[in-house]
Each structure stands twice: as C-alpha cells, then as structure tokens.
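Descriptive structure summary
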Amino acid sequence: MGSTNVTLPSASSPDLILVPATPEEYIECVRLNSAAWKGPLSRELYVEREKHLLSQDLTKNGGLTCWVLVDRNEPVGCRVILGACESLQKRAFLAYDGRVEDVLSHGIGGVYVRSEFRGKGYAGRMMEELGKKLETWQAGNELRKKSLFSVLYSDIGKTFYARFGWIPFKSSHITLSPTSPKEAKPRVSLPAARPMSTEDVKKSMCSDITIRKQRELLRVTSEKCPGVKVAVVPNYEHMVWHWAREEFYAKQNVLFSKTLPYVKGAGVDSQNVYCTWARTVGETPNSRTLYILRWMYDEPKSPAEEKATVEAIAAVIQRAQLEAYEWEMRDVQFWNPTPLLEQAARILDPDITITHRDASSITSLRWNGAEQGLSSDVEWMFNEKYAWC
Ligand SMILES: CC(C)(COP(=O)(O)OP(=O)(O)OC[C@H]1O[C@@H](n2cnc3c(N)ncnc32)[C@H](O)[C@@H]1OP(=O)(O)O)[C@@H](O)C(=O)NCCC(=O)NCCS
C-alpha cells in the first residue's frame, strides 16, 4: 500500500499488531525491501529470487513466515505496512546434563522499515512483538509448548537487538584468498580433497546417521561441561536453501558466466573431514564470497591424529580456494574457526587474521530457557554460516 498522505500511528499505540502477511503483502514487503537487498539484481529479478527461495524445503509450507506490523483497525488488503520481518522454522538440539532433546527454534531475517517510516520506533515495536510471538509460534506439536530460542544476524551493530533479548555471540571469521591451480603449492604435502556434489554433501554431512552423530556430540559435550548447549540442526534443507540462491544467479546468467555450480564442498574421506560451501554475491561484482557453510571432522585423540586431521582440513580449504578462483570470487570465508581450523588455515597462509565482526552478521541469540527452568547461560554450538538467514 502507498505510504503517502497517511497519518502514522505512534509506535507505542495499542492498536499496532504483528501478524503474518497475506501473500499479496508478502510480495509488497519484498518489493519494499528490495531497496536494501536486491544487490545487482533488478527489482523484478529480486522478487523472483525471493519466490524461488520461498519454494525450498526449508521455507515452503509455512517454513517461512513473513510478519507485518500494522494497525488492527485497517482492513486486510489495504493496511499500511509499518514494518516487516521474516521468521524461519529451524529444528534444533538442546543438550544439558548429558541429555539431549529435539526442539523448535526460529531464525529471523529481513527486518525492514521503509526509509520514510524510519526513526519512529516501528522496528523496536516489531522486535518486541516478535519476541513474544515466537515463543509459541508453530509450537503446537512440540513436546515443549514454548520455543527455547531464536537467532538473528545483526547488520546494525550490537545494541539494537540486544534491547529486545537477542544477545550478540561470538562472530569471527577467517578470510583466505582464492588460489589458482599454479599457486596451489602448500608448504607440506596434503592429502587429496575430493570435490563434493549435492548428493555427496547429503551423504557425507547430512545423512540421518551423521545428524545423529552430531546430536550425540552435543549430549556428550553437555555431560563434560556444565551449562546448556543449543544448536540449529545442520540439516540438508539448510544447505539446499543456500544453494538455491547461487543456482538462481547461475540460471539467470546475470552474475556468473558459468553453468550451474556443481561443486558444493570438499572432503577427505580417510580422515572424515568435510565442508560444504555456497557462493554469494554482494552489491558489487568485486564482493563475491565463497562461504563455507559448515565444517565436520572428528576430534583427534592423539598428536598423530591431530596432524592428520589438520592436514586434511588444509587440503579441503585449498580445494575451496581453487573453487573460489574458478568462480572469480573475492575470497573464501568461514565463521567462528576452531583452533584446529585456524591451524589448518595457517598451513596455507601463515599471515591470516581472524576478523571479529562488530557491525554486520553479528550472530545473536534470544534465550527463553531460564523461564522454562533451564540455566540462564547458554552456549551456541555449531555457530556457522549454514544457520544464517
Ligand atoms: C534497521 C531498521 C529496521 C530500523 O528501523 P526503524 O523503524 O528506524 O527503527 P527504530 O525507530 O525502532 O529504532 C531505530 C534504532 O535503530 C538504530 N539503527 C537503525 N539503523 C542502524 C544502523 N544501520 N546501524 C546501527 N543502528 C541502527 C538507530 O540508531 C535507532 O537506535 P536508537 O533507538 O538508540 O535511536 C531500518 O533502518 C531499516 O529497515 N534499515 C534497512 C534494512 C536493515 O538494515 N535491516 C536490519 C538488518 S539486520
């Protein structure tokens, strides 16, 4: 709906409500937020991209909810959208005292207020309402009738969302340059890393057995270290959702000169080391990043195992660098590196630095567990790019 000639309500008005958007309002929200997020796409293509993302397994059939802040007195079909955001249903693990549960969580994205409505408190009111809504949203069939947590990735610093309960967590990353086949000469000889297709990623990183193994890892960790641990399940639906974006770009032939990006990750089977990645584009052609979405490796139990694991990780990173070179990416990044990942990256580039983000993609989590009798301290495990939305 147009925004001209309307008297805007106060952000504290009891008449404001946050409700799921109608399909028409959803498209209107996408059109509005295209001003911030369309990047190099035309507005029409951006709307098509969002529709494509909405049709993925992670998001379809209610997986994604678009929320709009509106005045309850305005009739559906012609109400003014004061603010909008999205929530994505995410399966999660909760572990404490050696126990693990399957729970529901939500990821939040697309927080948007059109420029002419900004600075009036609408985003603040929206986040306040959203926090309350998400506690019970889609929890009908869950054992716990209230959701324990939700996550978001702040591009507007650390304080705004914290006011409404989304507290900043560790948000660091390692950046590596693309590597040409000629340059790919590491200091030590590395094992061969095999490129992985979608099916390979599904089998090696997201099979039922692998997911169960990760669930068990959380349980065991919670036995050893006190406090609550949570993780968004790194399931195949998440990876496919990220790939849907790069595949859209490739199919439209607007951003990549190549055909479909076939290689989705790399692995060294003998060491059980795997990662999966996705190519992203920013505002300019020079802001393309190959993001490693998720790492998997077994914790080594001896110095010899550690050496073998680190070298296998380095081989996989190098395969990512080659892929980035082939796709003309600016860099390769991965989030919240563990000491082993850092060690491996240093084999390839001893001068790497770790960036601690304080302005964009600040991983933030709102924890409702304390009201449900759990500890107020929570550790966010597997806090990697795959859960971003
Ligand atoms: C961020 C946004 C939703 C805020 O909407 P709004 O209705 O103006 O927000 P409110 O009036 O409730 O609150 C504004 C607060 O957000 C802060 N804020 C807004 N944009 C900011 C930015 N880029 N960096 C840091 N803080 C920002 C303001 O400083 C203000 O803080 P204050 O209350 O201490 O003065 C709006 O500016 C927007 O849509 N921006 C473009 C899209 C975007 O960046 N979304 C966030 C993605 S994580």
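Criteria and cut-off values
Residues numbered from 1 in each chain as written. Predicted model: local features only at pLDDT ≥ 70, side-chain atom pairs only at ≥ 80, totals over all residues. Heavy atoms only, no water. Pairing = 2+ DSSP bridges. Helix = DSSP H or I, 4+ residues; strand = E, 2+ residues; numbered from the N terminus. Axes fitted to C-alpha atoms, helices over the stretch in contact; angles between N-to-C directions. Domains from an automatic or database assignment. Contact = heavy atoms within 4.5 Å. Buried area = accessible area lost by both parts, 1.4 Å probe. Salt bridge = Lys/Arg side-chain N within 4 Å of Asp/Glu carboxyl O. Near = heavy atom within 4 Å. Polar contact = N/O pair within 3.5 Å; in protein donor to acceptor, adjacent residues only side chain to side chain. Areas by Shrake-Rupley, 256 points an atom, 1.4 Å probe, with all protein chains shown as cover. Nonpolar A, V, L, I, M, F, W, Y, C, P; charged D, E, K, R; others polar. Buried < 20%, exposed > 50% of the residue type's maximum accessible area, 1.4 Å probe, protein only. Phe/Tyr/Trp six-rings, centres within 6.5 Å; stacked < 30°, edge-to-face > 60°. Lys NZ or Arg CZ within 6 Å of the ring centre and 35° of its normal.

Considerations on the sheet that holds strand S14 (residues 354-356)
Two strands in a sheet stick together by hydrogen bonds in their backbones, pointing the same way (parallel) or opposite ways (antiparallel). Strand order in this open sheet of seven strands is S8-S10-S11-S12-S13-S7-S14, and the pairing throughout is mixed. In this open sheet, the two strands that pair with only one neighbour each are strand S8 (194-196) and S14. Averaged over neighbouring strand pairs, the angle between their axes works out to 30 degrees when direction is ignored. As paired strands, S8 and strand S10 (residues 265-268) are joined by three bridges and run antiparallel to one another.

Things to note about the domain arrangement of the chain
Each assigned domain of the chain is listed with its residue range as follows: domain 1 (16-168 + 362-387) and domain 2 (172-356). Contacts between domain 1 and domain 2 engage 46 residues on the former and 39 residues on the latter. In terms of surface lost to domain 2, no three residues of domain 1 exceed Phe93, Lys385 and Tyr386, which account for 22% of the buried area on that side. Linking domain 1 with domain 2 are three salt bridges.

Describing the environment of Gly98
With respect to the helices and strands, Gly98 occurs in the loop between strand S3 (83-96) and strand S4 (99-112). Separated by 130 residues in sequence, Gly98 and Val228 place their C-alpha atoms 9.9 Å apart. Among all residues touching Gly98, those that are not within four sequence positions of it are Arg219, Ser222 and Glu223.

Structural notes on the site of the ligand
Lining the immediate surroundings of the ligand are 17 residues, of which Val111, Gly119, Gly121, Gly124 and Arg163 lie closest. Ala123 places a main-chain nitrogen or oxygen 3.2 Å from an oxygen atom of the ligand. Within the backbone of Gly124, an N or O atom sits 2.8 Å from an oxygen atom of the ligand. Taking 890 Å² as the accessible area of the ligand by itself, protein coverage stands at 64%. At the level of elements, S4 and helix H3 (122-136) are the ones that each hand at least two residues to the shell around the ligand. Ranked by the residues each element gives to the shell around the ligand, the list is headed by H3, at three residues. Considering only residue class, the shell around the ligand consists of 10 nonpolar, three polar and four charged.

Describing the side chain of His238
Position of His238 relative to the elements: it lies in helix H6 (residues 236-252). Of note is the side chain of His238, whose polar atom sits 2.9 Å from the side chain of Lys90. Not counting residues up to four positions away in its chain, the partners in contact with His238 are Leu58, Lys90, Val232, Val233, Tyr386 and Ala387.

Structural notes on the pairing of S4
Burial analysis of S4 places 10 of its 14 residues in the buried class, which makes it a mostly covered element. Bridge count between S3 and S4: 12 bridges; the pairing is antiparallel. Paired with Ser87 across the strands is Ile108, a residue of S4. The antiparallel pairing of S3 with S4 creates a hairpin that spans two residues between the two strands, and Asp97 there sits at a positive phi of about 50 degrees.

Some points on the packing of aromatic side chains
Between two aromatic rings, the relevant description is the distance of the centres plus the angle of the planes. Here the structure, examined in full by the defined rule, presents 12 aromatic pairs. Where Trp241 meets Trp388, the ring centres are 6.1 Å apart and the plane angle is 40 degrees; that geometry is what we call tilted. Here Trp388 lies in the segment after strand S16 (378-380) and Trp241 lies in helix H6, a separation of 147 residues in the sequence. Summarising the aromatic geometry, the rings of Trp295 and Phe334 are spaced 5.6 Å apart at their centres and angled 80 degrees between planes, so their arrangement reads as edge-to-face. Of this pair, Trp295 sits in strand S12 (residues 289-296) while Phe334 sits in strand S13 (residues 331-335), and the two are 39 residues apart along the sequence. Taking the relative accessible area as the measure of exposure, Trp295 reaches 4% and is therefore buried. Note on Phe334: relative accessible area 0%, which makes it buried. Feature note: the residues Tyr153, Phe169, Trp335 and Trp380 constitute an aromatic cluster, connected by ring pairs. For the cation-ring pair, Lys385 lies above Tyr291, with the distance from its terminal atom to the ring centre recorded as 3.8 Å.

Quick word on unusual backbone geometry
Phi at Gln138 takes a positive value of approximately 60 degrees, unusual for a residue other than glycine. Tracing the backbone shows Gln138 in the loop between H3 and strand S5 (149-154). Residues other than glycine seldom take positive phi values, yet Phe382 does so here, at roughly 50 degrees. As for its position among the elements, Phe382 is in the segment after S16. Taking relative accessible area as the criterion, Phe382 reaches 11% and is therefore assigned buried.

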